[in-house]
Amino acid sequence: QFPFGRRLPCDIYWHGVSFHDNDIFSGQVNKFPGMTEMVRKITLSRAVRTMQDLFPLEYNFYPRSWILPEEFPLFVAEVRMMKDSDPSWKPTFIVKPDGGCQGDGIYLIKDPSDIRLTGSIQSRPAVVQEYICKPLLVDKLKFDIRLYVLLKSLEPLEIYIAKDGLSRFCTEPYQEPTLKNLHQVFMHLTNYSLNIHSGNFIHSDSVNTGSKRTFSSILCRLSSRGADVKKLWSDIISLVIKTIIALTPELKVYYQSDIPAGKPGPTCFQILGFDILLMKNLKPMLLEVNANPSMRIEHEQELSPGVFENVPSPVDEEVKVAVIRDTLRLVDPRKKKRKDVHQQLWNKYVRQQSHEMGPACSASMKDKQHKHHSLKLSLKLKFYLKLGSCVVCYRCQTLEHVSEGSEQLLGAGPSDRPEYDTTRSVEAGLPSICLKQVFPKYAKQFNYLRLVDRVAALFIRFLGVKGTTKLGPTGFRTFIRNCKLSNSNFSMASVDILYIDITRRWNSMGIDHRESGMCLQAFVEAFFCLAQKKYKSLPLHEQVASLIDFCEYHLAALDEKRLVCGRG
Ligand code: ADP
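Parameters and conventions
- Residues numbered from 1 in each chain as written.
- Predicted model: local features only at pLDDT ≥ 70, side-chain atom pairs only at ≥ 80, totals over all residues.
- Heavy atoms only, no water.
- Salt bridge = Lys/Arg side-chain N within 4 Å of Asp/Glu carboxyl O.
- Helix = DSSP H or I, 4+ residues; strand = E, 2+ residues; numbered from the N terminus.
- Buried < 20%, exposed > 50% of the residue type's maximum accessible area, 1.4 Å probe, protein only.
- Near = heavy atom within 4 Å.
- Polar contact = N/O pair within 3.5 Å; in protein donor to acceptor, adjacent residues only side chain to side chain.
- Areas by Shrake-Rupley, 256 points an atom, 1.4 Å probe, with all protein chains shown as cover.
- Nonpolar A, V, L, I, M, F, W, Y, C, P; charged D, E, K, R; others polar.
- Pairing = 2+ DSSP bridges.
- Contact = heavy atoms within 4.5 Å.
- Core = buried A, V, L, I, M, F, W, Y, C linked by side-chain atoms within 4.5 Å.
- Axes fitted to C-alpha atoms, helices over the stretch in contact; angles between N-to-C directions.
- Parallel < 35°, antiparallel > 145°, perpendicular 65-115°, else oblique.
- Expected span 1.5 Å × (residues − 1).
- Left-handed = near helix turned anticlockwise from the far one by under 90°.
- Phe/Tyr/Trp six-rings, centres within 6.5 Å; stacked < 30°, edge-to-face > 60°.
- Lys NZ or Arg CZ within 6 Å of the ring centre and 35° of its normal.

- An unreviewed UniProt entry annotates the chain as TTL11 polyglutamylase originating from Sula dactylatra.

If you want it as structure tokens, here you go:
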């Protein structure tokens, strides 16, 4: 810890709250610039809504939400319309102040007119959301899941999910919301920080009882009841990937502003806490994302009135220690160095082998590769050949240090193990790996959703001066001109009007007054407008995809032209 500042550069910087870039020019920082802003309730709701506009079915894991105060009239109108079309619909809504945490300021309502719009709401914006009335119950109690997710890199996108998480329980038996029980927080809110104050809260030394349990213990119970736990996991993975895809466009804008490309700077990674609620039918719903999840592995115990002591919490320890340990393993700076050295050694080894032993050796290497493969499939063992004090794995071309011995068979544990290319002696004593890569592993299934990412790339290209996050009127005009979007039906005067209209509205929402100009969300809105105008009869996501292709095509042609001119 460096409470008074630090003199030497570090490999890894572990910041307590958020990214600050003061004087970091190398290494890795455990926070992304802008992440705290991005996961605030309003910003997250907006980002998810943009994706819901494009892909409504894929993004139905987030409750319908409205942003207050500006969308209050829309909220009232939409609820009235839905009630008119289905008189049996008796909804409940949950109001959550923006930037709040630990259940602070949250309340439930039955009707839009119950919103406390008096004075303070103007100064405290909030999100109002459809309340999930039928959650899955265990022991008659509502609970939510806290899952830890490692965003290891933004470009290229790399996401890992912890195989276990926490389940946090309410402390009063659940009943569907009625006017009588709406205010009972111990029944409706699962926050640990609230329920700890209930007389019913149970601290348990076991991971499968009490008010905080491991998620795996819940899965075991569900599985014994015949639930399809595999499908549940796959739905959760999909929810996590889709949510991060919704966040990445704006994160990239923050990133280029704080860490401009081409200048010395750190790379970033971040552990995020995903709060998920399971519905009765086992559908996971996203509640929120936490940029700074608590990593405490102790809890306070009241020894005598007013006297507290910190005692270890086995459940927290079980889940969180593994997350931190695996994160450090994955971002280990020595790993990258080792990888480079291994690659060099491997190349040298292959060159030497084929040079010294000729074609016969290549054939025998192939045999061994094959043998290795079948061994790995059947016995889950890895086949190593000794090289100096190290062994080379033929198939994964990785190299590991071992104790003396010529040709060895080493047990390799689960099949995803080779990702962790750490020294065996250290590895040997550690429990199994908890963080599992889900992206790019499943990229093929999700890449079609990354449209706004491509819109953000266009936006960043025209931002001009590095360090900004907003596009000026000239930048917007250049974008229109370079992408050949202006024509006799859409004059440059209309372009200026579009810019002014949209930018003024977004800036009046009072989100970020540090800079003037068009923010990414405003640009995305303008882009959708242009796409709808140009490709009238298609669904929105196809209109947007077509316009992106059109812009990228013209920009590539322009780049090529400039390159040729440059050469000339
Ligand atoms: P905070 O950041 O203050 O914890 P959350 O969004 O996590 O805010 O909400 C607090 C709690 O309220 C959640 O842990 C969950 O138990 C409950 N909750 C939040 N949103 C919903 C919802 N849409 N439906 C049902 N319960 C919800």
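## Side note on the pattern of salt bridges
Oppositely charged side chains are able to pair whenever their charged atoms sit close together.
And then number 1: As enumerated under the stated definition, the model contains 26 salt bridges in all.
And then number 2: Between Glu155 and Lys252 there is a salt bridge whose closest N-O contact spans 3.3 Å. Residue Glu155 is located in the loop between strand E8 (141–153) and strand E9 (158–162), and its partner Lys252 is located in helix H8 (residues 229–258); the two are separated by 97 residues in the primary sequence.
And then number 3: In this structure Glu155 comes out as exposed when scored by relative accessible area, which is 61%.
And then number 4: Classification of Lys252 as buried rests on a relative accessible area of 13%.
And then number 5: Here Asp549 makes a salt bridge to Arg454, at a shortest N to O gap of 2.8 Å. Note that Asp549 is positioned in helix H17 (residues 540–567) and Arg454 in helix H13 (residues 451–463), a separation of 95 residues in sequence.
And then number 6: Accessibility expressed as a relative area gives 44% for Asp549, which makes it partly exposed.
And then number 7: Several salt bridges share partner residues, and in doing so they unite Asp144, Arg146, Arg168 and Asp275 into one network.

## Notes on the site of the ligand
And then number 1: The local shell around the ligand holds 23 residues, among which Lys96, Gly103, Thr190, Asn191 and Glu288 are the closest.
And then number 2: Side-chain polar atom of Lys41 to an oxygen atom of the ligand: 2.9 Å apart, as the coordinates give it.
And then number 3: Here the ligand has 540 Å² of accessible area as a free molecule, and 99% of this is covered by the chains.
And then number 4: Of all the elements in the fold, those that place two or more residues in the shell around the ligand are strand E4 (93–97), strand E6 (126–130), E8 and strand E14 (284–290).
And then number 5: Its residues assigned to classes, the shell around the ligand comprises 9 nonpolar, 7 polar and 7 charged.

## Details of the pairing of strand E21 (residues 435–439)
And then number 1: Most of E21 is tucked away: 4 of the 5 residues are buried.
And then number 2: Bridge count for E9 against E21 is 4 bridges, and the pairing is antiparallel. The partner of Ile161 across the bridge, within E21, is Lys436.

## So, the environment of Lys83
And then number 1: Here Lys83 is to be found in helix H3 (residues 72–85).
And then number 2: Among the residues examined, Lys83 registers a relative accessible area of 26% and is labelled partly exposed.
And then number 3: Dropping the residues within four chain positions of it, Lys83 is found in contact with Trp89, Pro91, Lys110 and Asp111.

## Description of the nonpolar core
And then number 1: If you look at the biggest cluster of nonpolar residues, it comprises 100 residues, and the most contacted ones within it are Ile159, Phe274, Phe476, Phe479, Phe523, Phe527 and Val544.
And then number 2: In terms of residues, this core owes the most to one element, H8, which gives 16 residues.
And then number 3: Discounting chain neighbours no more than four positions away, the residues touching Val544 are Leu54, Leu451, Val455, Phe527, Phe528 and Ala531.

## A closer look at the packing of helix H2 (residues 41–54) against H8
Any two packed helices are characterised by the angle at which their axes cross and by the distance between the axes.
And then number 1: At a closest axis distance of 9 Å, the pairing of H2 and H8 adopts a crossing angle of 105°. As summarised for this structure, H2 and H8 are arranged roughly perpendicular, according to the angle between their axes. Each of Thr43, Leu44, Ala47, Val48 and Met51 in H2 lies in contact with H8, whose residues at this interface are Thr243, Ile245, Ala246, Leu247 and Glu250.
And then number 2: Grouping the amino acids of the contact of H2 with H8 by side-chain chemistry returns 7 nonpolar, 2 polar and 1 charged.

## A look at helix H9 (residues 314–331)
Since the α-helix packs 3.6 residues into each turn, any two residues three or four apart lie on the same face.
And then number 1: Look at H9: 26 Å from first C-alpha to last across 18 residues, which is about the 26 Å you get at 1.5 Å a residue.
And then number 2: Restricting attention to buried positions, one finds in H9 the residues Val315, Asp316, Val319, Lys320, Ala322, Val323, Arg325, Asp326, Thr327, Arg329, Leu330 and Val331.

## Topic: the packing of helix H14 (residues 473–482) against helix H16 (residues 520–534)
And then number 1: The N-to-C vectors of H14 and H16 enclose an angle of 30°; their axes lie 13 Å apart at closest approach. In terms of their interaxial angle, H14 and H16 are classed as roughly parallel. The interaxial crossing formed by H14 with H16 has right-handed handedness. Between H14 and H16, the residues in contact are Phe476, Phe479 and Ile480 and Phe523, Ala526, Phe527 and Leu530, respectively.

## Digging into the packing of aromatic side chains
And then number 1: A full pass over the atoms with the stated rule returns 20 aromatic pairs.
And then number 2: Consider the rings of Phe459 and Phe523, whose centres lie 5.2 Å apart with planes at 50°: the pair is tilted. Separated by 64 residues along the polypeptide, Phe459 in helix H13 and Phe523 in helix H16 bring together distant segments of the chain. Phe523 matches Phe459 in its accessibility class, with the two residues each being buried.
And then number 3: Ring centres 5.7 Å apart and planes at 65° place the aromatic pair Phe462 and Phe479 in the edge-to-face group. Of this pair, Phe462 sits in helix H13 while Phe479 sits in helix H14, placing them 17 residues apart in sequence.
And then number 4: With a relative accessible area of 9%, Phe462 lands in the buried category.
And then number 5: A relative accessible area of 0% places Phe479 in the buried class.
And then number 6: Taken together through their ring pairs, the aromatic side chains of Phe459, Phe462, Phe476, Phe479, Tyr499, Phe523 and Phe527 make up a single cluster.
And then number 7: Against the face of Phe169 rests Arg213, its NZ or CZ located 4.2 Å from the ring centre.

## Re the sheet that holds strand E12 (residues 267–268)
And then number 1: If you trace the 3 strands from one edge of the open sheet to the other, you get E1-E2-E12, paired in parallel fashion. Where the open sheet ends on each side, the last strands, each with one partner, are strand E1 (12–13) and E12.
And then number 2: Across 2 bridges, E1 lies against strand E2 (residues 28–29) in parallel orientation. Bridging across to E2, Ile12 finds its partner in Gln28.

## Details of the environment of Lys441
And then number 1: Inspection of the secondary structure assignment puts Lys441 in the loop between E21 and helix H12 (443–446).
And then number 2: With 283 residues separating them along the chain, Lys441 and Glu158 place their C-alpha atoms 8.8 Å apart.

## Focus on the side chain of Ser45
And then number 1: Tracing the backbone through its elements, the reader meets Ser45 in helix H2.
And then number 2: Classification of Ser45 by relative accessible area gives buried; the value is 2%.
And then number 3: Here Lys41 takes part through its backbone oxygen, which lies 2.7 Å from a polar atom of the side chain of Ser45.

## What to know about the sheet that holds strand E5 (residues 107–109)
And then number 1: Reading across from one edge, E3-E6-E4-E5 is the order of the 4 strands in this open sheet, with antiparallel pairing throughout. This sheet does not close on itself; its edge strands, each paired only once, are strand E3 (65–68) and E5. Taking each pair of neighbouring strands and ignoring which way they run, the sheet shows an average axis angle of 25°.
And then number 2: Across 4 bridges, the pairing between E3 and E6 is antiparallel. Across the sheet, the residue bridging to Leu68 is Ala126, located in E6.
And then number 3: Along the sheet face, H2 touches E3, E4 and E6 and points at about 135° away from the line of E3.
And then number 4: In the packing of H3 onto the sheet, contacts are made with E3, E4 and E6, and the angle to E3 comes to roughly 150°.

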